[in-house]
Amino acid sequence: SDPLKKVVDAYCKKNRLSTVTLEYNGRKLNALQSCSQLNITNNAYLDAVVASGPSINLIFRVNGESNETERISIRLKETFQHSFSCFAGLRNVSVSQCKFVFDGETLRPSTTPEHLDLEGDEIIDVKITEAARPAPVPPRAATQSTVRAAATAVSAAIQSTARAAVAAVSASATSTPVMITIETNRNQNNNARQKKWKLLDTSLVTMLKTDYTKYYKSKGCKDVTFYFRNQLITNESQSLRDLGIRNGDMVYAMENGKAYKPM
């Protein structure tokens, strides 16, 4: 029969937990073993025990889209490995297709929220790639004349496609969204390291404001205004691109009505 790990994974997926431990009559069970190996009869009741210690909720955001998120609970001392598996299960993808990033740095499965000093409701960006496709089956041997004809046709098609691609790139160069990383300086502090955000350059300032206030809510942030190049950003419906904000730029965030001092 199947190992108990399938039961654990299904239970965690349904309840959005990273992991649980199964117990039977007070005995901790090895999830890699099956019921028959553990001498457990049909219709037996198993206890699902969640690890002790404080837990937090993290928001896993898919490919920078604010409406594509998964909220997953994790213990502060627990590694991210189970959270990664839980996220992959919710999205019906494999963990190998996912890249988990926080503050611009790739997360390792062995890292814990406590190690990163997380407090809850932080956003973990996840970039999901398509699964690798199997290599095409090589065609059967062709005659020399067929090969020459095919080569001529391919050459013509490549040239035509290249011309079309150049024209398309030229026409769309100003509209294609680009993923950028920007920094926010909180209340004009002098810290060496500032908070990083990974967003599309077509993202609106309102999206940055929403993410910012959620991240710093536990630290007293109720409202925030942004300054860029000593100018107050008054129209929050503009995109980062419209404001001239590029990869690596710094935006100054003034919380709860604090005054900005021009630099």
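What comes next is a walk through the structure. (Residues numbered from 1 in each chain as written. Predicted model: local features only at pLDDT ≥ 70, side-chain atom pairs only at ≥ 80, totals over all residues. Heavy atoms only, no water.)

1. Thoughts on the sheet that holds strand β11 (residues 224-228)
Ordered by their spatial adjacency, 5 strands build an open sheet running β10-β9-β13-β11-β12, and the pairing between neighbours is mixed. Each edge of the open sheet carries a strand with a single partner, namely β10 (195-200) and β12 (231-232). When strand β9 (residues 179-186) meets β10, the two strands line up antiparallel, connected through 6 bridges. Within the sheet, the bridge partner assigned to Glu 183 lies in β10 and is Lys 196. Along the sheet, helix α4 (residues 205-215) contacts β9, β10, β11 and β13 (250-255); its crossing angle with β10, the most-contacted strand, is approximately 145°. (Pairing = 2+ DSSP bridges. Helix = DSSP H or I, 4+ residues; strand = E, 2+ residues; numbered from the N terminus. Contact = heavy atoms within 4.5 Å. Axes fitted to C-alpha atoms, helices over the stretch in contact; angles between N-to-C directions.)

2. Observations regarding the environment of Phe 102
Within the element layout of this structure, Phe 102 appears in strand β6 (residues 98-102). Given a relative accessible area of 7%, Phe 102 falls into the buried group. With near-sequence residues (within four places) excluded, Phe 102 lies in contact with Leu 107, Leu 116, Leu 118, Glu 122, Ile 123, Ile 124, Lys 195 and Tyr 215. (Buried < 20%, exposed > 50% of the residue type's maximum accessible area, 1.4 Å probe, protein only.)

3. A word on the sheet that holds strand β7 (residues 105-106)
As summarised here, the arrangement of the 5 strands in space is β5-β4-β8-β6-β7, forming an open sheet in which the pairing is mixed. Strand pairing shows two members of the sheet lacking a second neighbour, β5 (69-75) and β7, which therefore form its edges. As paired elements, strand β4 (residues 55-62) and strand β8 (residues 123-128) share 4 bridges and run parallel to each other. Directly across from Phe 60, in β8, lies its bridge partner Ile 124. Docked against the sheet, helix α2 (residues 81-91) engages β4, β5, β6 and β8, running at close to 150° with respect to β5.

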